[in-house]
Amino acid sequence: MSKRFTSLALTAHPPAATHRGRGRSRRAVAPFAAVSVLVAGAALTGCGQQRDADVYTVMNSSTDESYHRWDAEAMARCGKQLGITIEQQSVPASQVMTKALRMASSKSLPDIVQFDASEMPTFADAGGLTDLESLGLSTIGIPEGIVDFGSYEGTYYGAARSVNTLALFYNKDVLDKAGLDVPATWEELRESAEKLTRGNQYGLALSAGGAEDGVFQFTPFMWSNGGDETDLDSPQVVEALDYWKGLLKDGSLSKSTVNWTQADVNDQFMAGNAAMMINGPWQVETLNSDKSLNWGIAPIPVPEAGDDSVGPLGGAVLTVPNTGDEAREKTAGKIVACLASEKEQLTYALNSWMVPANAEAAAVWREQVPELDSLADQVAVARSRTAKLGAGWSSVSLALQSAFQSALTGQSSETALKRAQQRATSGN
């Protein structure tokens, strides 16, 4: 067992669906001013509807049948333990924030909202969330990086049940047939991807689409190369984007990569159209559905041997909206505590292939799924996208999304990222 993993391992240095989690679709970003007005109105005037005292609602993005069922089962267990009914309201990931804002405007916020961790700071910045520690939740046993992952300006607003990051997935049979080892450096990845590109098969698939998926997938290349989200036109970030452009120029990436989500990338890999892919553990269940697919997982290659492979810490956090109804907020806090308990975390993680947020649960998980050791190691040095910029991350994300589209369709990386830095700084 890795001592580093069980003690802290999940340090979220600056900064997730997102992806982040399981980010798969474009996320809407509302202007901070609009968020503040809508959320503040809800918090100051309280709930605008009569509610059943024994029925509580959790809004999340568990629209996939399996995730919806797992969450429903967990909520049923916690509801029985607390003597209440917990109802699940699932909407597409791209709609969680906008739906929460509409509900805040109509004073009908649910008792709990599960935000992608990259979006949570926007709601917290507007005063729309309740401090979980004030509701009795403890951060003991949670690695510091994951506490930071669910915090904004030092206040703990979001409890993570599990976290994830990205890794390199590869087709073992294809690499063995080509006589290639799993690449560990950028040079090895580029050379292997070029050799593995033949016929309808590309050497590598990744998401460079104009959405948060693409930004999530770019961060390992940016951060591992010493780049920083506060300086998008630095030589290190330019070099990382140039590396993507080189893969495209070699023909190792499909030209359609500028339109692919992470789900599209997985589809290409499973169809045999890519020998390797950058993706996350949320794809494992689907990968395992094809018994003929012999896949493996490894850390994302780094610029030079010995460098840390620094990926994005992704996932969602359970939050309690500040509705002004202190009694319901207190019970909502108990629901969050139950859903984020060590036992429930382990159950959820073993179902979803994510890594439990609690250190002890993570240690048990690692013993039970040793095939994902590389993922656990990658998570160990992962960073939260919002740790440095907080609610300002959304401006950086939108700027990078535009830069990818420009650079991968002809513009120089330097020019595209210079414009991205200007956009991120101005907020336009």
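Just so it is clear, the model here is predicted, and its values are computed rather than measured.

Draft legend 1. Just empty space enclosed by the protein, in detail. The computed volume of the second largest cavity comes to approximately 60 Å³. Surrounding the second largest cavity, 11 residues form its lining, Pro110, Asp111, Thr323, Arg328 and Glu329 being those nearest its centre. Residue classes in the lining of the second largest cavity are distributed as 6 nonpolar, 1 polar and 4 charged.

Draft legend 2. Geometry of the pattern of salt bridges. Scanning the model with the defined rule gives 9 salt bridges in all. Linking Glu212 and Arg385 is a salt bridge whose minimum nitrogen-to-oxygen distance equals 2.7 Å. Of this pair, Glu212 sits in helix H10 (residues 212–224) while Arg385 sits in the loop between strand E15 (383–384) and helix H18 (393–407), and the two are 173 residues apart along the sequence. Judged on exposure class, the residue Glu212 and its partner Arg385 are both buried. Through salt bridges with shared partners, one network takes in Asp116, Glu212 and Arg385.

Draft legend 3. Quick look at the side chain of Ser66. Tracing the backbone shows Ser66 in helix H4 (residues 65–82). At 3.3 Å, the side chain of Ser66 and the side chain of Glu285 are in polar contact.

Draft legend 4. Broad picture of the environment of Ala205. Of note, Ala205 is situated in strand E9 (residues 202–205). With a relative accessible area of 1%, Ala205 lands in the buried category. Each residue touching Ala205, except ones within four places of it in the same chain, is listed here: Leu253, Trp260, Val265, Ala274, Met276, Met277 and Ile278.

Draft legend 5. Looking closely at the nonpolar core. By size, the foremost hydrophobic cluster in this structure holds 74 residues, and its most contacted members are Phe115, Trp295 and Trp365. Here this core gets 6 residues from one element, more than from any other, and that element is helix H5 (residues 96–105). Beyond its immediate sequence surroundings of up to four residues, Trp365 is in contact with Leu346, Ala349, Leu350, Trp353, Met354, Val355, Pro356, Leu372, Leu375 and Ala376. By size, the runner-up hydrophobic cluster in this structure holds 53 residues, among which are Trp282, Ala399, Leu408 and Ala416.

Draft legend 6. Spatial organisation of the packing of H4 against helix H14 (residues 326–339). With their axes 10 Å apart at the nearest point, H4 and H14 run at an angle of 125 degrees to one another. Classed by the angle they form, the pair H4 and H14 counts as oblique. The handedness of the crossing between H4 and H14 comes out as right-handed. Across from Ala74, Met75, Cys78, Gln81 and Leu82 in H4, the residues of H14 making contact are Lys334, Ile335, Cys338 and Leu339. Here the residues of the contact of H4 with H14 sort into 7 nonpolar, 1 polar and 1 charged.

Draft legend 7. Here's a closer look at the layout of surface pockets. The space that makes up the second largest pocket amounts to roughly 220 Å³. As for the second largest pocket, its lining consists of 15 residues, and the residues nearest its centre are Pro299, Ile300, Val302, Asp307 and Ser309. Of the residues contributing to the lining of the second largest pocket, the split by class is 9 nonpolar, 2 polar and 4 charged.

Calculation rules
Once a new chain begins, its residue numbering starts again from 1 and follows that chain's sequence as written. Local features in this predicted model are restricted to residues whose pLDDT is 70 or higher, and side-chain atom pairs enter the listing and the counts only when it is 80 or higher, whereas totals over whole chains, interfaces and linings include all residues. Calculated side-chain values reflect all of the structure's heavy atoms, with hydrogen atoms and water omitted. Here a cavity means grid points, on a 1 Å grid over the protein atoms only, where a 1.4 Å probe fits yet cannot get out; a pocket means an open set of points with protein on both sides within 12 Å along at least five of seven lines; lining residues are those with an atom within 4 Å of a point. Grid points are joined across faces, edges and corners, and a volume is the space filled by probe spheres set on the points. Charged means Asp, Glu, Lys or Arg here, nonpolar means Ala, Val, Leu, Ile, Met, Phe, Trp, Tyr, Cys or Pro, and polar covers whatever is left, Gly included. Salt bridge, as used here, is a side-chain nitrogen of Lys or Arg placed within 4 Å of a carboxyl oxygen of Asp or Glu. Only DSSP runs of H or I reaching four residues or more are called helices, and only runs of E reaching two or more are called strands; each is numbered from the N terminus. Burial classification: accessible surface area is computed with a 1.4 Å probe over protein chains only, and a residue below 20% of its type maximum counts as buried, one above 50% as exposed, and the rest as partly exposed. Within 3.5 Å is the distance limit for a polar contact, defined as a pair of N or O atoms, with the added protein rule that one can donate a hydrogen and the other accept it, and that residues adjacent in sequence qualify only through two side-chain atoms. Only heavy atoms enter the contact rule, under which two residues are in contact if any of them lie within 4.5 Å. Side-chain atoms within 4.5 Å are what join buried Ala, Val, Leu, Ile, Met, Phe, Trp, Tyr and Cys residues into a set we call a nonpolar core. For helices, the fitted axis covers only the stretch in contact; all axes are lines through C-alpha atoms, and the angles between them, taken along N-to-C directions, range from 0 to 180 degrees. In what follows, roughly perpendicular refers to angles from 65 to 115 degrees, roughly parallel to angles under 35, roughly antiparallel to angles over 145, and oblique to any angle outside these ranges. In a left-handed crossing the near helix is turned counterclockwise from the far helix by less than a right angle, and in a right-handed crossing that turn is clockwise.

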